[in-house]
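# Observations on the three-dimensional arrangement
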Amino acid sequence: QVQLVESGGGLVQPGGSLRLSCAASGSIFRINTMGWYRQAPGNQRELVAAISSGGSTNYADSLEGRFTISRDNAKNTVYLQMNSLKPEDTAVYYCNAGIKRYTWAYAMDYWGKGTLVTVSS
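This is a predicted model, so every value here is computed, not measured.

Turning next to the state of the cysteines. Within the structure shown, the criterion is met by one disulfide. Across the disulfide, Cys 22 is cross-linked to Cys 95 (sulfur-sulfur distance 2.1 Å). Taking the sign of the S-S torsion, about -80° here, the bridge from Cys 22 to Cys 95 comes out left-handed. Here the residue Cys 22 occupies a position in strand β3 (residues 18-26), and Cys 95 occupies one in strand β9 (residues 91-100), the gap between them amounting to 73 residues. Here Cys 95 falls in the buried class, since its relative accessible area comes to 0%.

Right under this line is the structure:
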């Protein structure tokens, strides 16, 4: 079994920062792309940022350079550093990873349960 567990969400004032973490555990042969998505009330889930196993990154255009994604392959962990947070960043943030569990298996998509980020004064 594979689990993705997010941490680091919470309440922060506008202009503040938070760092989200997501650790993958279980029977894992290789992790391909890891990413963060978010879903605000009434909205569809959207991509925030993604990072390949080699470190290539891409970000949602709307972020204006405020967020940084990184990963520690030795720890099977992906991070999202969020700076200059705005009320519109309020959402549940979900971790996603493409994971190959065995040498002979195809990679499959896995999701965490989400962590709530609330930006409010």
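Structure's up, so let's keep going.
The subject of this paragraph is the packing of aromatic side chains. A full pass over the atoms with the stated rule returns two aromatic pairs. Note on Tyr 102 and Trp 104: the rings are 4.9 Å apart at their centroids and 5° apart in plane angle, and the pair reads as stacked. You can call Tyr 102 partly exposed: its relative accessible area is 32%. Its guanidinium or amino end placed over the ring of Tyr 79, Arg 19 lies 4.0 Å from that ring's centre, counting from NZ or CZ. The cationic tip of Arg 45 hangs over the ring face of Tyr 94; the distance from NZ or CZ to the ring centre is 3.7 Å.

What counts, and where the lines are drawn
Residues numbered from 1 in each chain as written. Predicted model: local features only at pLDDT ≥ 70, side-chain atom pairs only at ≥ 80, totals over all residues. Heavy atoms only, no water. Disulfide = S-S within 2.5 Å. Helix = DSSP H or I, 4+ residues; strand = E, 2+ residues; numbered from the N terminus. Buried < 20%, exposed > 50% of the residue type's maximum accessible area, 1.4 Å probe, protein only. Phe/Tyr/Trp six-rings, centres within 6.5 Å; stacked < 30°, edge-to-face > 60°. Lys NZ or Arg CZ within 6 Å of the ring centre and 35° of its normal.

Spatial relationships are all this shows, so hold off on functional conclusions.
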